[in-house]
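Here is what each chain is made of, one letter per residue.
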Amino acid sequence: MTTKVSFGDRLYRGEKSFNFVQNRKRWYSLSAILILASLFALGAKGLELGIEFKGGSEFVVNKAGVTVPEARAAMDKAGVPGDPIVQTVGNNKVRIQTGALTNAQSSKVLDVLSTTFSVSKSTIDTRLIGPSWGREITRKATTALIAFLLIIILFLSVTFEPKMAIAAIIALFHDVFITVGIYALVGFEVTPATVIGFLTILGYSLYDTVVVFDKVRENTRGIAGGSRYTYSDAANLAVNQTLVRSINTSIVALLPVAAILFVGAGVLGAGTLKDLSLALFIGLAVGTYSSICVATPFLAAMREREPAMQALAKRVANRSSKSVGGVSEGALAVESDDAPRGPRNQPKRLKTSKGGKSKKKR
């Protein structure tokens, strides 16, 4: 009775394999395109910083049926300088963000909004944020990021090896930079919730990379003394062995984030949920890609430059070249030793005794 072998079991045993490591140039090219696009977006458009970072004033009109053009016309009537950002929040709110306003300008805006939309001033939510508060938020976010990276480098260097720490940090920067580039490209607003999403991306990307690296360490333990597999072969096997787990984990993580993004933000109009879930959705997808196609191939490329791994690669190549027509050197040696012996199953010769009589050999 035969048992059905799953696709994941075939990947784990090496019966089926995707060559992620040897095709590293293909993944490097794809990542380079994404990074160049991110650089272009950041240089041409820059990030759309929220009011929490650049300072300003925010007014939220709690009334159904208010449209964006009506709100813009009201701000023009109030004589607000600059170009205010007007957004609808759900079906019964309009949010208006402006630059820094004086107390007199803020009072005038409240009067115009109250008169135009026939609402009480007390129902209009007002928030005034100074630029110093935004600078403080930026400083704290930068400090948290630097501390996170230093702790991660120390942890990976002690737990695994320094080169694994380097590859993991490169994958982290890869994920965050592409996510930031997408934000700049499509004009998404960066808020404190977005920063929280970025930090969460770092944690998830690192988790996925550490799982793969742990399998790489297991497969490459004592590999320098062998001659069957190169370091790249063993690392590629580790990626395939954890591939199904990485994909399943990513899908399970992306489904609730997608629900928050498309249902919570799209239907309910929750701005904070949108900022957080959008960063998570993009970062989770990019993080899964980097842990499989960037971190491990980059690690293998660094390790293959070591003299011990170069010697291992030569031994593996020599062993492969000694196989002739699919027959190994040992099999050929057995055939050459047996060749002069003649055909098998011949009758055994009889020994002759001193008396001339022959007797059977027992």
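Here's a quick rundown of the structure. Fair warning: this is a prediction, and the values are worked out from it, not measured in the lab.

**Describing the overall build of the protein chain**
At step 1: Secondary structure summary: the protein chain contains 13 helices and eight strands in total.
At step 2: Burial status across the protein chain gives 38% buried among its 362 residues.
At step 3: Sequence separation of at least 24 residues holds for 76% of the intrachain contacts in the protein chain that already meet a minimum separation of 6.

**Overview of the sheet that holds strand β3 (residues 85–89)**
At step 1: Here four strands make up an open sheet; going across it, the order is β3-β4-β2-β5 and the pairing antiparallel. Where the open sheet ends on each side, the last strands, each with one partner, are β3 and β5 (124–129). When strand polarity is set aside, the average angle formed by the axes of neighbouring strands in this sheet is 15°.
At step 2: Of the strand pairs in this sheet, strand β2 (residues 56–62) and β5 are connected by six bridges, and their pairing is antiparallel. Among the inter-strand pairings, Gly 56 is bridged to a residue of β5, identified as Ile 129.

**Focus on the environment of Thr 159**
At step 1: Looking at the element boundaries, Thr 159 is found in helix α6 (residues 131–159).
At step 2: Residue Thr 159 is classed as partly exposed on the basis of its relative accessible area, which comes to 31%.
At step 3: Taking the C-alpha atoms as reference points, Thr 159 and Asp 214, 55 residues apart in sequence, are found 9.6 Å from one another.

**With respect to the pattern of salt bridges**
At step 1: Within the structure shown, the criterion is met by eight salt bridges.
At step 2: In this structure, Arg 245 engages Asp 208 in a salt bridge whose closest nitrogen and oxygen atoms are separated by 2.4 Å. With a gap of 37 residues between them, Arg 245 in helix α10 (residues 243–265) and Asp 208 in helix α8 (residues 192–219) connect regions that are remote in the sequence.
At step 3: Among the charged side chains, a salt-bridge network with shared partners connects Glu 161, Lys 163, Arg 303 and Glu 306.

**Some words on the side chain of Thr 296**
At step 1: You can see Thr 296 is positioned in helix α11 (residues 271–303).
At step 2: Among the polar contacts made by the side chain of Thr 296, one reaches the main-chain carbonyl oxygen of Ser 291 at a distance of 3.5 Å.
At step 3: The residues touching Thr 296, leaving out its near neighbours within four places in the chain, are Val 21, Val 212, Phe 213, Val 216, Ala 235, Val 239 and Ser 291.

**So, the packing of aromatic side chains**
At step 1: Applying the stated criterion across every chain yields a total of two aromatic pairs.
At step 2: Judged by centre distance (6.2 Å) and plane angle (55°), the rings of Phe 18 and Phe 20 are tilted.
At step 3: Taken together, Phe 18, Phe 20 and Trp 27 form an aromatic cluster joined through their ring pairs.

**Points about a nonpolar patch on the surface**
At step 1: A surface patch of nonpolar side chains, about 280 Å² in accessible area, is lined by Ile 247, Ile 251 and Leu 255.
At step 2: Along the chain, the position of Ile 251 falls in helix α10.
At step 3: According to the relative accessible area criterion, Ile 251 is partly exposed, its value standing at 44%.

**A closer look at helix α7 (residues 162–186)**
At step 1: Its 25 residues give α7 an end-to-end C-alpha distance of 37 Å, which sits within 8% of 36 Å, the value for a rise of 1.5 Å per residue.
At step 2: Two residues or fewer after α7 comes Gly 187, characterised by a positive phi angle close to 80°.

**What about the packing of helix α4 (residues 68–78) against helix α5 (residues 103–117)?**
To describe two helices that pack against each other, one gives the angle between their axes and the distance between the axes.
At step 1: Orientation of α4 relative to α5, taken along the N-to-C sense of each, is 135°, at an axis distance of 9 Å. Taken together, the axes of α4 and α5 are oblique relative to one another. For the pair α4 and α5, the sense of crossing is right-handed. Contacts between α4 and α5 involve Glu 70, Ala 71, Ala 74, Met 75, Lys 77 and Ala 78 from the first element and Lys 108, Val 109, Val 112, Leu 113, Thr 116 and Phe 117 from the second.
At step 2: The residue inventory of the contact of α4 with α5, partitioned by class, reads eight nonpolar, one polar and three charged.

**A short note on the nonpolar core**
At step 1: If you look at the biggest cluster of nonpolar residues, it comprises 37 residues, and the most contacted ones within it are Phe 20, Leu 156, Met 164, Phe 213, Val 216, Tyr 231 and Leu 299.
At step 2: Going through the elements one at a time, α6, α7, α8, α9 (231–241), α11 and α12 (307–321) are the ones with two or more residues in this core.
At step 3: Counting residues per element, this core draws most heavily on α11, which supplies eight residues.
At step 4: Apart from residues lying up to four places away in sequence, Leu 299 is in contact with Glu 161, Lys 163, Met 164, Ala 167, Phe 213, Val 216 and Tyr 231.
At step 5: Of all hydrophobic cores here, the second largest spans 19 residues; its members include Ala 71, Val 80, Val 94 and Ile 96.

**Points about the pairing of strand β4 (residues 93–98)**
At step 1: Summarising burial for β4: five of the six residues are buried, a large majority.
At step 2: In the sheet, β3 pairs with β4 via five bridges, with the strands oriented antiparallel. Note that in β4 the partner of Thr 88 across the bridge is Val 94.

**Let's talk about unusual backbone geometry**
At step 1: Phi at Ser 118 is positive, roughly 55°, even though this residue is not glycine.
At step 2: Ser 118 gets classed as exposed once you look at its relative accessible area, which sits at 60%.

**Overview of the packing of α7 against α8**
At step 1: In the contact formed by α7 and α8, the axes pass within 9 Å of each other and the chain directions differ by 145°. Relative to α8, the crossing made by α7 is right-handed. Taking contact as the criterion, the partners of Met 164, Ala 167, Ala 168, Ala 171, Leu 172, Asp 175, Val 176, Thr 179, Val 180 and Tyr 183 in α7 are, on α8, Thr 194, Phe 198, Ile 201, Leu 202, Ser 205, Leu 206, Thr 209, Phe 213, Val 216 and Arg 217.
At step 2: Residue composition of the contact of α7 with α8, by class: 14 nonpolar, four polar and two charged.

About the thresholds
- Residues numbered from 1 in each chain as written.
- Predicted model: local features only at pLDDT ≥ 70, side-chain atom pairs only at ≥ 80, totals over all residues.
- Heavy atoms only, no water.
- Helix = DSSP H or I, 4+ residues; strand = E, 2+ residues; numbered from the N terminus.
- Buried < 20%, exposed > 50% of the residue type's maximum accessible area, 1.4 Å probe, protein only.
- Contact = heavy atoms within 4.5 Å.
- Pairing = 2+ DSSP bridges.
- Axes fitted to C-alpha atoms, helices over the stretch in contact; angles between N-to-C directions.
- Salt bridge = Lys/Arg side-chain N within 4 Å of Asp/Glu carboxyl O.
- Polar contact = N/O pair within 3.5 Å; in protein donor to acceptor, adjacent residues only side chain to side chain.
- Phe/Tyr/Trp six-rings, centres within 6.5 Å; stacked < 30°, edge-to-face > 60°.
- Patch = residues over 30% accessible without salt bridge, like charges linked within 9 Å, V, L, I, M, F, W, Y side chains within 5 Å.
- Areas by Shrake-Rupley, 256 points an atom, 1.4 Å probe, with all protein chains shown as cover.
- Expected span 1.5 Å × (residues − 1).
- Parallel < 35°, antiparallel > 145°, perpendicular 65-115°, else oblique.
- Left-handed = near helix turned anticlockwise from the far one by under 90°.
- Nonpolar A, V, L, I, M, F, W, Y, C, P; charged D, E, K, R; others polar.
- Core = buried A, V, L, I, M, F, W, Y, C linked by side-chain atoms within 4.5 Å.

Read these as spatial facts, not as claims about activity.
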